[in-house]
Amino acid sequence: MKLEHIGIAVKDLEASNELFKKLFNSPHYKVESVESEGVSTSFFQTGESKIELLEATNEDSAIAKFIAKKGEGIHHLAFEVVDIDFELERLQKEGFQLIHQTPKDGADNKRIAFLHPKATNGVLIELCQEKK
Ligand code: ZN
């Protein structure tokens, strides 16, 4: 599994885009809203991996709840897999708790699924597979 991106929960996407642009000396290359998740996202390329900034677009969004509970910061690690259906089945057999039993559409042209952080040392893990 390759580290595809790190997701960071932010309160103000526009302000954070400016901040990370200064940090990387390079702007984000994409902004995308995932309405089903209640998030607005932006992506920065950092070598082979990416940084995904996530801002809540409504208060029921998982990102809004995360920020209310823990504040801004690292939200999830996303690993790219070749066959997400196979990996979900394999991980479930290994005893990992899945948040999504079947993959759903995510940002950046991907099918994604999350593992429950209870089963992964408190780290929210996303699996993703590029849509063909
Ligand atoms: Zn992500």
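The text that follows walks through the structure, step by step, so that each part is easy to find. These numbers were taken from a predicted model, which means no experiment stands behind them.

Right, let's get into the packing of aromatic side chains. Inspection of every chain in the model, using the stated rule, returns four aromatic pairs. Ring geometry for phenylalanine 20 versus phenylalanine 24: centroids 5.9 Å apart, planes at 45 degrees, classification tilted. Placement of the pair is phenylalanine 20 and phenylalanine 24 together in helix 1 (residues 13-24), with a separation of four residues, close to one helical turn. Look at phenylalanine 20 and you get buried, because its relative accessible area is 14%. Residue classification places phenylalanine 24 among the partly exposed residues on the basis of a relative accessible area of 28%. Pairing phenylalanine 20 with phenylalanine 44 gives two aromatic rings, centres 6.0 Å apart and planes at 45 degrees, and the pair type is tilted. On the criterion of sequence distance, the pair formed by phenylalanine 20 in helix 1 and phenylalanine 44 in strand 3 (residues 39-46) is long-range, its members being 24 residues apart. The two residues phenylalanine 20 and phenylalanine 44 agree in class, both being buried. Ring pairs connect the aromatic residues Phe20, Phe24 and Phe44, which therefore count as one cluster.

This part covers the pairing of strand 3. Buried residues dominate strand 3, accounting for six of its eight residues. Note that strand 2 (residues 30-34) and strand 3 share five bridges and pair antiparallel. The residue bridging valine 34 from the neighbouring strand is valine 39, located in strand 3. In this structure, the hairpin formed by strand 2 and strand 3 is closed by a connection of four residues, where glycine 38 is found at a positive phi of approximately 65 degrees. Where strand 3 lies against strand 4 (residues 49-56), eight bridges are found, and the strand directions are antiparallel. Bridge pairing in strand 4 links phenylalanine 44 to isoleucine 51. Connecting the antiparallel pair strand 3 and strand 4 is a turn made up of two residues, with glycine 47 showing a positive phi of about 65 degrees.

This paragraph deals with the coordination of the zinc ion. The zinc ion binds to the protein through His5 (NE2), Glu52 (OE), His76 (NE2) and Glu126 (OE), with metal-donor distances spanning 2.1 to 2.2 Å. If you look at the zinc ion, its four donor atoms make angles of 83 to 170 degrees with each other, and the shape they trace is irregular. Judged by its relative accessible area of 3%, histidine 5 is buried. Judged by its relative accessible area of 2%, histidine 76 is buried.

What follows deals with the pattern of salt bridges. With the rule as written, the count across this model stands at 13 salt bridges. In this structure, glutamate 80 engages lysine 2 in a salt bridge whose closest nitrogen and oxygen atoms are separated by 3.8 Å. With glutamate 80 in strand 5 (residues 73-80) and lysine 2 in strand 1 (residues 2-9), the pair connects residues that are 78 residues apart, well separated along the chain. Across the pair glutamate 89 and lysine 93 runs a salt bridge, and its minimum N-O distance is 3.5 Å.

The rules behind these values
Residues numbered from 1 in each chain as written. Predicted model: local features only at pLDDT ≥ 70, side-chain atom pairs only at ≥ 80, totals over all residues. Heavy atoms only, no water. Phe/Tyr/Trp six-rings, centres within 6.5 Å; stacked < 30°, edge-to-face > 60°. Helix = DSSP H or I, 4+ residues; strand = E, 2+ residues; numbered from the N terminus. Buried < 20%, exposed > 50% of the residue type's maximum accessible area, 1.4 Å probe, protein only. Pairing = 2+ DSSP bridges. Donors = N, O, S within 2.8 Å, 3.2 Å for Na, K, Ca; no water. Tetrahedral: all angles 85-135°; square planar, octahedral: opposite > 155°, others 65-115°. Salt bridge = Lys/Arg side-chain N within 4 Å of Asp/Glu carboxyl O.

Interpretation note: all reported values are geometric properties and have no functional meaning in isolation.
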